[in-house]
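Listed here are the chains, written in short residue letters.
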Amino acid sequence: MSLALKQVFNKDRTFRPKRKFEPGTQRFELHKKAQASLNAGLDLKQAVQLPHGEDLNDWVAVHVVDFFNRINLIYGTISDSCTDQTCPVMSGGPKYEYRWQDEHKYKKPTALPAPKYMSLLMDWIEVQINNENIFPTNIGTPFPKTFMQVAKKILSRLFRVFVHVYIHHFDRVSQMGAEAHVNTCYKHFYYFVTEFNLTDHKELEPLKEMTSRMCH
């Protein structure tokens, strides 16, 4: 990792405090297991597979939180070059435009500058993952029936961050020496969502060519 990149990642430039896994909980043990597989250099396709005897909801919850933290950090590293002027619309090239919709202010899909979209997205995800009714942390508390639906929505929206970063800001990523780090994070994310069918194929279209070269 380059010195410039180390300085950026050491600053931990996330927009939000990270959601931590509490030591001693099953989720913390799963998080450690997932990290150990990655640190051991295990093939990413294997690393995402559900460990024997583990619950799929728990495994997905751990990865949703981890990807949120890591993608938030990646966007944080290029956010100084993503402004209302450079990116007046949240998009992935000329063919793909992402509009924001939520249950509060933006009840209809609304075109927004990329920084505003990203800020709303990170706020929205943080609310979901800190909601005990959706992401329960107590052992024995069941996941709601809607959990996978929410997880899929979070992961689909996080994928759009990759689309925007790769298509509009990859020169900045390369300039910082962060290319290998971002590519590894992307491959990990892609293998995970495709292993468990957590993202609609049409969402993956904007990076299809790059993905076919990178993820065999």
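Definitions and cut-offs
Every residue gets a number counted from 1 within its own chain, in the order that chain's sequence is written. Two thresholds apply to this predicted model, a pLDDT of at least 70 for residue-level local features and 80 or more for giving and counting side-chain atom pairs, whereas whole-chain, interface and lining totals are computed over all residues. Think of the side-chain values as coming from all heavy atoms in the structure, minus any hydrogens and water. Here a Phe, Tyr or Trp ring, Trp counted by its six-membered ring, pairs with any other such ring whose centre lies within 6.5 Å, and the pair is stacked when the planes are under 30 degrees apart, edge-to-face when over 60, and tilted otherwise. Relative accessible area decides the class of each residue, using a 1.4 Å probe on protein chains only: under 20% of the type maximum gives buried, over 50% gives exposed, and in between gives partly exposed. Only lysine NZ and arginine CZ atoms are considered, and such an atom sits over a ring when it is within 6 Å of the ring centre and within 35 degrees of the ring normal. Residues enter a nonpolar core if they are buried and are Ala, Val, Leu, Ile, Met, Phe, Trp, Tyr or Cys, with the set joined through side-chain atoms within 4.5 Å. Helix numbers and strand numbers start at the N terminus; a helix is a DSSP run of H or I with at least 4 residues, a strand a run of E with at least 2. Should any heavy atoms of two residues lie within 4.5 Å, those residues are considered in contact. Helix axes are fitted to C-alpha atoms over the stretch in contact, other axes to C-alpha atoms as well, and angles between N-to-C directions run from 0 to 180 degrees. When describing relative orientation, an angle under 35 degrees is termed roughly parallel and one over 145 degrees roughly antiparallel, while 65 to 115 degrees is termed roughly perpendicular and anything else oblique. Two helices that cross are described as forming a left-handed crossing if the nearer one is turned anticlockwise from the farther one by less than a right angle, and a right-handed crossing if clockwise. For this classification, the nonpolar set comprises Ala, Val, Leu, Ile, Met, Phe, Trp, Tyr, Cys and Pro, the charged set comprises Asp, Glu, Lys and Arg, and every other residue, Gly included, is treated as polar.

An unreviewed UniProt entry annotates the protein as MOB kinase activator 3A of Xyrichtys novacula.

Throughout the structure, instances matching the rule amount to 16 aromatic pairs. Ring geometry for Phe-143 and Phe-147: centres 4.6 Å apart, planes at 55 degrees, overall tilted. When sorted by exposure, Phe-143 lands in the same class as Phe-147, which is buried. Ring pairs connect the aromatic residues Phe-67, Phe-159, Phe-162, Tyr-166, Phe-170, Tyr-186, Phe-189, Tyr-190, Tyr-191, Phe-192 and Phe-196, which therefore count as one cluster. Over the ring of Trp-100 we find Arg-157, and its NZ or CZ is 4.2 Å from the ring centre. Residue placement shows Arg-157 over the ring face of Trp-124; its charged tip is 4.6 Å from the ring centre.

Turning our eyes to something else, we now look at the nonpolar core. Core analysis: the biggest nonpolar cluster contains 62 residues, and Phe-135, Ile-154, Phe-162, Tyr-166, Tyr-186 and Phe-189 have the highest contact counts within it. Going through the elements one at a time, helix 4 (56-78), helix 5 (114-129), helix 6 (147-168), helix 7 (170-175), helix 8 (179-195) and helix 10 (208-214) are the ones with two or more residues in this core. Element by element, the count of residues in this core is highest for helix 6, at 12 residues. Setting aside its immediate chain neighbours within four residues, Tyr-186 contacts Phe-159, Phe-162, Tyr-166, Leu-207, Met-210, Thr-211, Met-214 and Cys-215.

So, about the packing of helix 5 against helix 6. Across the interface, helix 5 lies against helix 6 with an axial gap of 11 Å and an inter-helix angle of 150 degrees. When the interaxial angle is binned, helix 5 and helix 6 end up roughly antiparallel. Crossing geometry of helix 5 relative to helix 6 is assigned as left-handed. Residues Ala-114, Tyr-117, Met-118, Leu-121, Met-122, Trp-124, Ile-125, Gln-128 and Ile-129 of helix 5 pack against Val-150, Lys-153, Ile-154, Arg-157, Leu-158, Arg-160, Val-161 and His-164 of helix 6. The class makeup of the residues in the contact of helix 5 with helix 6 is 12 nonpolar, 2 polar and 3 charged.

Attention now goes to the side chain of Asn-183. With respect to the helices and strands, Asn-183 occurs in helix 8. The contact partners of Asn-183, leaving out residues within four places of it in the chain, are Tyr-166, Phe-170 and Met-214.

It is at 12 Å that the axes of helix 6 and helix 8 come closest, and there the two elements cross at 145 degrees. By crossing handedness, the relation of helix 6 to helix 8 is classed as left-handed. Facing Leu-155, Leu-158, Phe-159, Phe-162 and Tyr-166 of helix 6, the residues of helix 8 in contact are Val-182, Asn-183, Cys-185, Tyr-186, Phe-189 and Val-193. Considered class by class, the residues forming the contact of helix 6 with helix 8 number 10 nonpolar, 1 polar and no charged.

A few words on unusual backbone geometry. Residue Asn-197 is not a glycine yet carries a positive backbone phi of 55 degrees. Structurally, Asn-197 is set in the loop between helix 8 and helix 9 (201-204). Taking the relative accessible area as the measure of exposure, Asn-197 reaches 52% and is therefore exposed.

Our next topic: the environment of Thr-146. Relative to the assigned elements, Thr-146 resides in the loop between helix 5 and helix 6. Separated by 12 residues in the primary sequence, Thr-146 and Ile-134 have C-alpha atoms spaced 7.9 Å apart.

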